[in-house]
Amino acid sequence: MPRLSYRRALTRALADEMTRDESVVVLGEDIRVAAANVTTGLLKRFGPDRVRDTPLSEQAFTSFATGAALAGARPVVEFQIPSLLFLVFEQIVNHAHKFPLMTGGQCAVPVTYLVPGSGSRTGWAGQHSDHPYALFAHVGVTTVVPATPADAYGLLVSAIRCDDPVVVFAPAGALDLRADVSDLTPVPLGRGVVRRPGDDVTVVAVGHLVHDALAVADELADQASVEVFDPRTLYPFDWDGLVESVGRTGRLVVVDDGNRSCGIAGEIVATVVERVRLAAPPRRVTRPDGAVLPFAPALDRAVQPGRDQLAAAIQLTLKDG
Amino acid sequence: MTDSDPVRLYRTVRLIRRFEERAIELVDAGEIVGGIHPYLGQEGVAAGVCAALAADDLVTGTHRGHGHVLAKGADPARMLAELCGRVTGLNRGRGGSMHAADFGVGVLGANAIVGAAGAILTGAVWERRRRGGDIVGATFFGDGAVNEGMLLEAFNLAALWRVPVLFVCENNGWATTMPVAGAVAGTVAGRAAAFGMPAAAVDGQDPEAVREVTAAAVARMRAGGGPELIEAHTYRFDAHHTFEHRVRLDYRPPQEVAAGRSRDPVDIQGARLPPAVRAEVDAAVEAVLAAAVDFALAGPHPDPATALDHLYASGLTARTGGG
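Every residue gets a number counted from 1 within its own chain, in the order that chain's sequence is written. Going through the entries in the order they are written, you letter the chains from A and number the ligands from 1. Predicted model: local features are reported for residues with pLDDT of at least 70 only, side-chain atom pairs are reported and counted for 80 or more only, and whole-chain, interface and lining totals are derived from all residues. Hydrogens and water are ignored here; the side-chain numbers use all heavy atoms of the structure.

Caption draft 1: The pattern of salt bridges, seen in detail. All names here are of chain B. Salt bridges are defined by distance alone: a side-chain nitrogen of Lys or Arg within 4 Å of a carboxyl oxygen of Asp or Glu. Here the structure, examined in full by the defined rule, presents 36 salt bridges over all chains. We note a salt bridge from Glu 286 to Arg 14, for which the minimum N-O separation is 3.9 Å. On the criterion of sequence distance, the pair formed by Glu 286 in helix 12 (residues 275–298) and Arg 14 in helix 1 (residues 6–28) is long-range, its members being 272 residues apart. Salt-bridge contacts for Arg 278 lead to Asp 267; the nearest nitrogen and oxygen are separated by 2.9 Å. Taken together, the residues span a long stretch of sequence, with Arg 278 in helix 12 and Asp 267 in helix 11 (residues 265–270) at a distance of 11 residues. One network of salt bridges, with partners in common, ties together Arg 14, Arg 18, Glu 21, Asp 282 and Glu 286. Helix numbering and strand numbering both begin at the N terminus, where a helix is a DSSP run of H or I of at least 4 residues and a strand a DSSP run of E of at least 2.

This is the structure in structure tokens:
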């Protein structure tokens, strides 16, 4: 089986969709030279009418993509830095997301916002290390966080084909992954997957933290049978899939690289306790409230959810109730 | 093909004028909830610009946007039904005054966020051009928008990529209650010059003058030229928003209002017509609007169970908010 890196999976998804559909165009900063190492080769293959390097005008080119979508394009907008999403939050939420309803269904806005390198990249400090996926789930914009190369390919393809705006967070912590991938296929939006079956507790892990959760599950294998659930899409969330899992295990721990207040972990816990009678109080491992990632590597790591914290949360949940 | 017929131009300004007056009556009657930003006094700008555009050219408007939507050719009855929140409205009652859109006549929406629509229109025109054809676009904005960063970014993108967008600044002197002198450093035309865009100033109270300056810009853009800017000097005859009819805000000197109102685009264009022709147009417009009011008020109210219809074009349904 061929080995595929996460970044090349994104590249393949872009190239395949651009080949399949003339309406797919890519916009972003430094994409002609693939500064984020994702748009590699696309300019040469598809030309500047479809691969458009932009000036540093995030608000304008984000709304430019909205307008292009209104006129029939399926733009993919690449952001090298996750915090740029704060800058264009207005353009995505107030315009791209709201146009279909506000116009009474006269239009669709099929734009994909691709963030290759979300979360901490260690040493990139306060303004380059955020993981704001919960904001988009909160406002109701389809939000995916692929954990594996196969899902990076499959979810990006589905995002591009989706008639609504979709934000694709490609966590920095997953970008260097390689995997044996025999079959590249679209992955449906809104469908989670059980990465590791178990009986005693369900751990929901988002993005790159899926791999930490799998490692912790292995470490604890002699103490407990841990099921790892990867939601893959945070909005719309696969509630039925998760309820099925927690319904079997009766225990829930969520590990999420977002800030704690109003984070996706809070939503996951709330929805599960509305639907499932748990055997023990649920727990969540997140960034702290209001976290700003400090520069020094030890401080950066201290603010992100760690494996030790996750193992402790699992053990507490197993001990309770 | 552009419309230089003075009768039709008069008909458009008169239609917008009377539409707004009838809409204000419906605000007062409680049929239009949330009020409107009346376009009264600025009719010559929308009418003149849109008369120089072709049917498949694209337009975006503003929160003070009724004139743009009507001038581009939307049905006044469906527009008024939209203001009244009926399912027979242009947006099925989902948009209202500030978001009225009619993609069928090239209106990609009034937009309630000041300065936001320029980049959207630039992208739309770029994509249409990428698919072939020679369409152009016109995006309207007020003097308040020229200090919005995203509009200035749009100037840069359109000029850099030579996207044929006409940036139409309706300078009515006031951004809500803020006078231009209190808000704008430099000039509007100076902003265009900074991006290498040609800029023309025009008397926005004269519909013919606006049409002429627009037609010249559109001809250059269709022939391969890049974006241009028109600064139309105009005057808002009425309130920023109809809430001012109840809460008096003291910001415009009465002498200024009187002077502004003395240059009425409806009268300026009407004076170019024989009185009998003008009366005939006026009567026809009254009939159109009487029918529009009847149509609007007869339209069904939307079913609350459909409140989130059209939220997702993909067919995704949102979770309900109840316990």
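Caption draft 2: Examining the packing of aromatic side chains more closely. Centres within 6.5 Å make a pair out of two Phe, Tyr or Trp rings, where for Trp the six-membered ring is used; the pair is then stacked when the planes are under 30 degrees apart, edge-to-face when over 60, and tilted otherwise. In this structure the tally under the stated criterion is 13 aromatic pairs over all chains. Ring geometry for Phe141(B) versus Phe155(B): centroids 6.1 Å apart, planes at 50°, classification tilted. Taken as a pair, Phe141(B) in strand 2 (residues 137–142) and Phe155(B) in helix 6 (residues 149–160) lie far apart in primary sequence, 14 residues in all. In this structure Phe141(B) comes out as buried when scored by relative accessible area, which is 4%. Ring pairing ties together the aromatic residues Phe89(A), Tyr133(A), Phe136(A) and Phe169(A), which thus form one cluster. Here, a charge over a ring means that NZ of Lys or CZ of Arg falls within 6 Å of the ring centre while also lying within 35 degrees of the ring normal. The residue whose ring lies beneath Arg52(A) is Trp161(B), and the NZ or CZ to ring-centre distance is 4.7 Å. Sitting over the face of the ring of Trp124(A), Arg121(A) holds its NZ or CZ atom 4.1 Å from the ring centroid. Each residue is assigned to one of three classes by its accessible area relative to the maximum for its type, calculated with a 1.4 Å probe on protein chains only: buried under 20%, partly exposed between the two thresholds, exposed over 50%.

Caption draft 3: Just the domain arrangement of chain A, in detail. Residues and elements named next belong to chain A. Domain annotation of chain A identifies domain 1 (3–180) and domain 2 (193–319). Per the annotation, domain bounds derive from an automatic or database assignment of domains. One C-alpha centre belongs to domain 1, the other to domain 2, and the line joining them spans 26 Å. If you look at the interface, domain 1 gives 27 residues, while domain 2 gives 25 residues. Taken as a group, Tyr 133, Val 145 and Ala 147 account for 22% of the area that domain 1 buries against domain 2, more than any other trio of residues on that side. Taken together, domain 1 and domain 2 are joined by 2 salt bridges. Notably, a salt bridge pairs Arg 195 with Asp 151, separated by 2.5 Å at the nearest N-O pair. Distance and chemistry together define a polar contact, namely a pair of N or O atoms within 3.5 Å, with one atom able to donate a hydrogen and the other to accept it when in protein, and with adjacent residues in sequence counting only for side-chain atoms on both sides. Summed over the shared surface of domain 1 and domain 2, the result is 14 residue pairs in polar contact (both at pLDDT 80 or more). Within the residue set of the side of domain 1 that touches domain 2, elements represented by two or more residues are helix 7 (133–139), strand 6 (142–144) and helix 8 (149–161). Note that Gly is not counted as nonpolar here; it falls among the polar residues with everything else outside the nonpolar set of Ala, Val, Leu, Ile, Met, Phe, Trp, Tyr, Cys and Pro and the charged set of Asp, Glu, Lys and Arg. Residues belonging to the side of domain 1 that touches domain 2 are distributed by class as follows: 13 nonpolar, 12 polar and 2 charged. Contacts are assigned to residue pairs with any non-hydrogen atoms lying within 4.5 Å of each other. For any pair of parts, buried area is found by adding up, for both, the accessible area (1.4 Å probe) each one loses once the two are put together.

Caption draft 4: Representation of the side chain of Arg191(B) within the structure. Residue and element names in this part refer to chain B. Among the structural elements, Arg 191 can be located in helix 8 (residues 188–194). Despite its burial, Arg 191 remains without a salt bridge, the nearest opposite charge being carried by Glu 231 at 8.9 Å. When sequence neighbours within four positions are dropped, the list of residues in contact with Arg 191 reads Val 146, Asn 147, Leu 152, Phe 155, Val 184, Ala 185 and Gly 186. Asp and Glu count as negative and Lys and Arg as positive, but His and the ends of the chain are not part of the count.

Caption draft 5: Summary view of the nonpolar core. Throughout, nonpolar core names a set of buried Ala, Val, Leu, Ile, Met, Phe, Trp, Tyr and Cys residues whose side chains join them through atoms within 4.5 Å. Among the nonpolar cores identified, the biggest contains 86 residues, and Phe79(A), Leu85(A), Leu242(A), Ile268(A), Phe141(B) and Phe167(B) are the most heavily contacted of them. When residues in this core are grouped by element, the largest group, 7 residues, is from helix 3 (residues 58–70) of chain A. Both of domain 1 (3–180) and domain 2 (193–319) of chain A provide at least three residues apiece to this core. Apart from residues no more than four positions distant in its own chain, Leu242(A) is found in contact with Thr202(A), Val204(A), Phe229(A), Phe237(A), Ile268(A) and Val272(A). One finds Val27(B), Phe140(B), Trp174(B) and Val202(B) within the second-largest nonpolar core, a separate group that totals 62 residues.

Caption draft 6: Structural detail: the interface of chain A and chain B. With 49 residues of chain A at the interface, the matching set in chain B holds 41 residues. Approximately 3,600 Å² of surface area, both sides summed, lies buried where chain A meets chain B, with 62% of it carried by carbon and sulfur atoms. Applying the counting criterion to the chain A and chain B interface returns 1 salt bridge. Of the charged contacts, one joins Glu267(A) and Arg319(B) as a salt bridge, the two residues approaching to 2.6 Å between their closest N and O atoms. Across the chain A-chain B interface, the total number found is 18 residue pairs in polar contact (both at pLDDT 80 or more). Of all the secondary-structure elements, those providing two or more residues to the side of chain A that touches chain B are strand 2 (24–28), strand 3 (51–53), helix 3, helix 5 (89–97), helix 6 (99–102) and helix 11 (264–275) of chain A. Looking at the side of chain A that touches chain B, the element that brings in the most residues is helix 3 of chain A, giving 10 residues. Classifying every residue of the side of chain A that touches chain B gives 20 nonpolar, 19 polar and 10 charged.

Caption draft 7: Fine view of the sheet that holds strand 10 (residues 201–205) of chain A. Residue and element names in this part refer to chain A. Strand pairing requires that DSSP identify at least two bridges connecting the strands. Read across the sheet, 5 strands follow the order 9-11-10-13-14 without closing on themselves; strand pairing throughout is mixed. Unpaired on one side and paired on the other, strand 9 (193–196) and strand 14 (283–285) mark the two borders of the sheet. When the angles between neighbouring strand axes are averaged without regard to direction, this sheet yields 25°. Both strand 10 and strand 11 (residues 226–230) contribute to a ladder of 4 bridges, which runs parallel. Angular values range over 0 to 180 degrees, each being the angle between N-to-C directions of two axes fitted as lines to C-alpha atoms, with helices fitted over their stretch in contact.

Caption draft 8: Quick look at the sheet that holds strand 6 (residues 199–203) of chain B. Residues and elements named next belong to chain B. Pairing is parallel in the open sheet, where 5 strands are placed in the order 1-2-3-7-6. The sheet is open, and its two borders are formed by strand 1 (58–60) and strand 6, each paired with just one other strand. This sheet shows a mean twist of 20° between the axes of neighbouring strands, independent of strand direction. Pairing analysis gives 5 bridges linking strand 6 to strand 7 (residues 228–233), with the strands arranged parallel. Paired with Val 202 across the bridge in strand 7 is Ala 232. Its contacts with the sheet place helix 9 (residues 207–222) against strand 2, strand 3 (165–171), strand 6 and strand 7, and it is angled at close to 160° to strand 6.

Caption draft 9: Up close: helix 4 (residues 76–83) of chain B. Residues and elements named next belong to chain B. Counting buried residues along helix 4, 7 of its 8 residues qualify, which places the element largely inside the surrounding structure. Of the residues making up helix 4, those classed as buried are Pro 76, Ala 77, Met 79, Leu 80, Ala 81, Glu 82 and Leu 83. In this fold, the buried residues of helix 4 make contact with helix 1, helix 3 (66–71) and helix 12. Structurally, the start of helix 4 carries an N-cap: the backbone nitrogen of Ala 77 is 2.9 Å from a side-chain oxygen of Asp 75.

Caption draft 10: Layout of the packing of helix 5 (residues 117–130) of chain B against helix 6 of chain B. Residue and element names in this part refer to chain B. Interhelical geometry of helix 5 versus helix 6 gives an angle of 25° and a closest axis separation of 7 Å. Between helix 5 and helix 6, the angle falls in the class roughly parallel. Note on element contacts: helix 6 touches helix 5 through Leu 151, Ala 154 and Ala 158, opposite Gly 118, Ala 119 and Thr 122. A class-by-class count of the residues in the contact of helix 5 with helix 6 yields 4 nonpolar, 2 polar and no charged. Geometric relationships in this document are graded by angle, where less than 35 degrees denotes roughly parallel, more than 145 denotes roughly antiparallel, 65 to 115 denotes roughly perpendicular, and other angles denote oblique.

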